[in-house]
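# A look at the structure
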Amino acid sequence: MDVTDKTGVRERVVEIRDLHKSFGNYHVLQGVNLDLYRGENLVVLGKSGTGKSVLIKIIVGLLNADSGSVKVLGSEVDKIDYKSLLSLRLRVGFSFQNSALYDSMTVRQNLEFPLVRNRRNLTKGEVAAEVERVLDAVGLLQTLNQMPSELSGGQRKRIGIARTLILQPDIMLYDEPTAGLDPITCLEINGLINEVQERFHTSSIVITHDLTCAKAVGDRVAMLLDGTFQRQGTFEEVFNTDDERVKTFYDYNFIQ
Amino acid sequence: MAEDNEKKPGRISRMFLVLYDVWQFIGRFFKEAFLPPYEGKELMRQCYDIGYRSLLLISLTGFITGVVFTKQSRPSLAEFGATSWLPSLVGIALLRTLAPLLTALIAAGKVGSSIGAELGSMRVTEQIDAMEVSATNPFKFLVSTRVLAATITIPILTFYTAMVGMLGALLNVYTNEETSWQAFFSSSLESITFLDVIASTIKAVLFGFTIGMVGCYQGYNSSKGTEGVGKAANAAVVTGMFLVFVEEVITVQFFGLFRT
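Residues numbered from 1 in each chain as written. Chains lettered and ligands numbered in written order. Predicted model: local features only at pLDDT ≥ 70, side-chain atom pairs only at ≥ 80, totals over all residues. Heavy atoms only, no water.

## Description of the overall build of chain B
- A count of helical and extended segments in chain B gives nine helices and zero strands.
- Helices and strands appear in chain B in the N-to-C order α-α-α-α-α-α-α-α-α.
- The principal-axis extent of the C-alpha atoms belonging to chain B is close to 80 × 40 × 35 Å.
- Out of the 260 residues in chain B, the part that is buried amounts to 48%.
- Taking all contacts inside chain B whose residues are at least 6 apart in sequence as the whole, residues at least 24 apart take part in 84%.
- For chain B, the computed accessible surface area is about 13500 Å², with 69% contributed by carbon and sulfur atoms. (Helix = DSSP H or I, 4+ residues; strand = E, 2+ residues; numbered from the N terminus. Buried < 20%, exposed > 50% of the residue type's maximum accessible area, 1.4 Å probe, protein only. Contact = heavy atoms within 4.5 Å. Areas by Shrake-Rupley, 256 points an atom, 1.4 Å probe, with all protein chains shown as cover.)

Below, the structure is given as structure tokens:
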């Protein structure tokens with residue numbers, strides 16, 4: 001789904017320019033340039049340890065870049081104060097690889113937690129209605145009073161996504177949404193990512209090394225190789241190449 | 001960008017870096033704890049967890065300490081025919097040192113390790129990051145509430161320990177001599193001064209703050225992996241107990257100046 005302004009130019013919601021990040025002597029990101037346009041699902045592909053998760057953690061301000069610029073919804077993430085960063089985070093949902101549900105709280109409390117702290121004017125009834133709305137959207141209304149430890153991996157992923165949706169973000173960042181799940185649940189999560197895009201009008205970056213997921217959800221694909229995005233485009237454009245690194249990645253995924 | 005020949009800081013530099021980090025952590029606590037929005041509900045929950053759930057252990061150890069201390073002190077006093085001083089001796093010993101120290105050591109073991117492990121586990125499983133990205137200040141919600149709760153409840157537990165210890169002492173005195181409980185309490189309370197109460201309160205507040213702060217610092221900054229959680233819990237107990245003894249020595253010296 002593409003959204004263009006009056007002049008026909010696609011609106012950028014995330015702009016990354018010449019981004020560098022190292023951990024000691026390990027140079028993870030070496031001059032990354034990337035745009036996310038309003039309304040699109042962008043899939044970031046790459047092997048484990050290539051810095052995909054680091055990239056989205058920099059986008060949301062959990063990590064600082066060594067150099068370069070990251071602009072999210074018009075704000076430079078590393079130049080704004082903490083209060084402005086918190087406001088910006090209200091508009092950016094982050095779904096963690098392991099779901100990161102608060103294990104001392106029930107599903108209901110997990111979903112209420114961000115809402116009651118950020119929308120203090122809501123009544124108890126409105127909070128309950130909002131919790132039920134997002135739980136219904138991910139198809140898990142029946143888990144309302146369960147603890148995270150009682151849920152399956154797929155259910156935890158869905159609740160994690162619901163918890164980010166409750167703040168009605170403009171941008172969704174998914175970190176390995178299908179990692180560790182069985183193929184059927186993977187398909188369900190892929191369907192959910194597309195449904196979220198359509199129903200909540202979000203722009204998304206999906207970090208994955210699962211090509212089935214990339215093909216199912218990606219309007220556009222960017223492949224991280226040796227610290228930079230050397231290939232960007234549609235799924236077919238990215239994989240129609242003689243580059244051995246890309247072919248190996250493709251073959252491994254589909255043979256597997 | 002990091003250089004390939006980047007030097008790692010030496011042991012002494014690392015120690016100063018840690019001290020600076022701790023200083024910043026304490027500074028952040030004072031900044032976050034007393035500025036709105038306040039996490040009153042979570043503070044109450046933590047007070048309940050730290051205070052109420054420690055009562056059984058505190059009661060048992062306090063009572064036993066009272067009984068044993070009285071029993072061990074009796075022969076020495078009996079040599080001088082001074083067993084009638086037992087209530088005063090037990091009252092002063094319990095209030096000035098035994099109750100604050102005993103409560104703090106139990107809290108360092110039970111509360112400190114629990115805070116260290118809980119926050120460490122939350123760090124490892126990205127729950128703290130999840131709070132950050134959902135526009136909630138995790139420091140205020142997790143650290144400020146726990147440190148405040150420990151600072152509030154440990155002084156209360158200290159006076160409770162002293163009271164239960166006195167009951168233990170009374171039991172021992174009662175079974176060995178013909179002393180009424182009224183006489184026992186009046187004798188021990190007469191020997192306790194206002195300075196003793198103030199000194200014990202300040203000491204207990206200091207111990208509570210230290211135990212809460214150490215547990216939170218270790219857990220909040222724990223390294224990744226399950227090993228990090230174990231290390232955080234262990235460091236919370238060891239460092240907490242060590243600092244409690246250091247503070248005990250300093251406060252005894254300090255309040256000693258007012259007794260002469």
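## Considering the pattern of salt bridges
- This model, assessed by the stated rule, comprises 28 salt bridges over all chains.
- For Arg199 of chain A, the salt bridge goes to Glu195 of chain A, with nearest N and O atoms at 3.8 Å. Of this pair, Arg199 of chain A and Glu195 of chain A both sit in helix α6 (residues 183-200), four residues apart, roughly one helical turn.
- Overall, the relative accessible area of 38% leaves Glu195 of chain A in the partly exposed class.
- The closest approach of N and O atoms between Arg146 of chain B and Glu118 of chain B, which form a salt bridge, is 3.2 Å. A residue pair is termed long-range when its members are at least 10 positions apart, and Arg146 of chain B in helix α6 (residues 138-176) and Glu118 of chain B in helix α4 (residues 86-124) qualify at 28 residues. (Salt bridge = Lys/Arg side-chain N within 4 Å of Asp/Glu carboxyl O.)

## Some points on the sheet that holds strand β4 (residues 67-72) of chain A
Residue and element names in this part refer to chain A.
- In spatial order, the strands read β2-β1-β4-β5; together these four strands make up an open sheet with antiparallel pairing. Two strands bound the open sheet, and with one partner strand each, they are β2 (26-37) and β5 (75-76).
- Two strands pair when backbone bridges link them, and β4 and β5 are joined in this way by two bridges, in the antiparallel orientation. Bridge pairing in β5 links Val72 to Ser75.
- Most of the contacts of helix α1 (residues 52-59) go to strand β1 (residues 12-23), to which it runs at about 120°, and overall it touches β1, β2 and β4. (Pairing = 2+ DSSP bridges. Axes fitted to C-alpha atoms, helices over the stretch in contact; angles between N-to-C directions.)

## Considerations on the sheet that holds strand β9 (residues 220-225) of chain A
Residues and elements named next belong to chain A.
- Reading across the sheet, the six strands line up as β6-β7-β8-β3-β9-β10 and stay open at both edges, with mixed pairing between neighbours. The sheet is open, and its two borders are formed by β6 (92-95) and β10 (228-233), each paired with just one other strand. Direction aside, neighbouring strands of the sheet carry axes that sit 20° apart on average.
- Across five bridges, β9 lies against β10 in antiparallel orientation. Looking at β10, one finds that Ala222 is bridged to Gln232.
- Across the face of the sheet, α1 comes into contact with β3 (41-45), β6, β7 (171-175), β8 (203-208), β9 and β10 while running at roughly 150° to β8.

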